[in-house]
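# What the coordinates show
What follows is each chain in one-letter form.
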Amino acid sequence: MTNSPYDPFHVVGSERRLSLVHGLAMAACFVLYFILRLPWADHLLAVDEANTLLSIRAFASGGSDFYSNWFWRRPPLLSSILLLARPLQEGYIGRTEVLIVSVSSLNLLALFILSRRALGLAAALWSVFFLVAMPGANFFDVWVKQDGPCVFFGLLAIYFFLDRRRYLSGAALGLAFLAKEMALFYAAAIFLLWLFEGKSR
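What you see is a predicted model, and the numbers here were worked out from it, not measured in a lab. (Residues numbered from 1 in each chain as written. Predicted model: local features only at pLDDT ≥ 70, side-chain atom pairs only at ≥ 80, totals over all residues. Heavy atoms only, no water.)

## Brief notes about the pattern of salt bridges
Following the criterion strictly, the structure yields 5 salt bridges and no others. For Lys145, the salt bridge is made with Asp48, and the minimal N-O distance between the two is 2.1 Å. With a gap of 97 residues between them, Lys145 in the loop between helix H7 (135-140) and helix H8 (147-162) and Asp48 in helix H2 (residues 47-60) connect regions that are remote in the sequence. Since its relative accessible area comes to 34%, Asp48 is described here as partly exposed. Members of the salt-bridge network, linked through shared partners, are Arg117, Asp163 and Arg165. (Salt bridge = Lys/Arg side-chain N within 4 Å of Asp/Glu carboxyl O. Helix = DSSP H or I, 4+ residues; strand = E, 2+ residues; numbered from the N terminus. Buried < 20%, exposed > 50% of the residue type's maximum accessible area, 1.4 Å probe, protein only.)

## Focus: a nonpolar patch on the surface
A contiguous nonpolar patch, built from Phe191, Leu192, Trp194 and Leu195 and spanning about 420 Å² of accessible area, is present on the exposed surface. Relative to the helices and strands, Phe191 resides in helix H10 (residues 183-200). (Patch = residues over 30% accessible without salt bridge, like charges linked within 9 Å, V, L, I, M, F, W, Y side chains within 5 Å. Areas by Shrake-Rupley, 256 points an atom, 1.4 Å probe, with all protein chains shown as cover.)

## Let's talk about the environment of Gly23
By secondary structure assignment, the location of Gly23 is in helix H1 (residues 20-37). C-alpha separation for the pair Gly23 and Leu125, spaced 102 residues apart in sequence, amounts to 9.7 Å.

## Digging into the packing of aromatic side chains
One pass over the full model with this rule turns up 16 aromatic pairs. On the basis of an interplanar angle of 65° and a centroid distance of 5.6 Å, the ring pair of Phe129 and Phe130 is categorised as edge-to-face. An angle of 70° between the planes, with centres 5.1 Å apart, marks the rings of Phe140 and Trp143 as edge-to-face. Cluster of aromatic residues (ring-pair linked, three or more members): Trp40, Phe139, Phe140 and Trp143. (Phe/Tyr/Trp six-rings, centres within 6.5 Å; stacked < 30°, edge-to-face > 60°.)

## Regarding the layout of surface pockets
Estimated volume of the largest pocket: approximately 320 Å³. Around the largest pocket, the lining is made up of 16 residues, and of these Asn107, Asp141, Asp147, Gly148 and Val151 lie nearest the centre. Going through the elements one at a time, helix H5 (92-119), H7 and H8 are the ones with two or more residues in the lining of the largest pocket. Per-element tally for the lining of the largest pocket: the top contributor is H5, with 5 residues. Residue composition of the lining of the largest pocket, by class: 10 nonpolar, 3 polar and 3 charged. Empty space within the second largest pocket amounts to approximately 200 Å³. For the lining of the second largest pocket, the secondary structure elements donating two or more residues are H2 and helix H3 (66-70). Per-element tally for the lining of the second largest pocket: the top contributor is H2, with 4 residues. Looking at the lining of the second largest pocket residue by residue, the class counts come to 5 nonpolar, 3 polar and 6 charged. (1 Å grid on protein atoms, 1.4 Å probe; cavity = no way out; pocket = protein on both sides within 12 Å on 5 of 7 lines; lining within 4 Å. Points joined across faces, edges and corners; volume = space filled by probe spheres on them. Nonpolar A, V, L, I, M, F, W, Y, C, P; charged D, E, K, R; others polar.)

## Remarks on H1
For H1, with 18 residues, the first-to-last C-alpha span of 26 Å sits near the 26 Å given by 1.5 Å per residue. Three or more residues of H1 are buried, namely Met26, Cys29, Tyr33 and Arg37. On an axial view of H1, the arc spanned by its buried residues comes to 50°, and they lie on one face. Those residues of H1 that are exposed and angled more than 90 degrees off the buried face are Leu20, Val21, Leu24 and Ile35. (Expected span 1.5 Å × (residues − 1). Arc of directions from axis to C-beta.)

## Topic: helix H6 (residues 121-133)
When the terminal C-alpha atoms of H6 are compared, their 19 Å separation across 13 residues agrees well with the 18 Å that a helix rising 1.5 Å per residue should span. Listed as buried for H6 are Leu121, Ala124, Leu125, Val128 and Val132. Here the buried residues of H6 occupy an arc of 95° about the axis, which is enough to place them on one side. Here the buried face of H6 lies against H1, H5 and H7. (Contact = heavy atoms within 4.5 Å.)

Shown next as structure tokens:
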């Protein structure tokens, strides 16, 4: 018996059915995610977090100063999303952090569908659980950072590429770049997968 090399484009077929138990386990991970992270909401802001919130508030007020001009000098996806937190009203910081936690929770879904496709259902559930329980992530998922939406769309871009839905992969990768420049690493991963695909034919 010979071991064939791992093919990332191969769908793991033996674990593709999602049962009620698996769905409940995934739902439990989402509940645990919010239980572990929401207590950190309304934390003392770091300098870069405060600058981000100031730029969004200045932009929403129609100002023309350093902070309002900074709104478009960075990838604007997260700042545009955070306009939904009503930056000109009281309680803006708390609403922003709750919104950040909610947006970052989408990474659990992206990680699950990518891991399930490439590694199987058991690996997908375990990967989600360990991400939820990771001590550092419990705090950093509350920070007002651009990483959350970048990771979400970056993982989706890889998933769609593996599924050979290239237009959706490109769209997701574009949204990842609109979230943060570190999407370059997801682009590099897709490029390597493209090279692997070409050599495996």
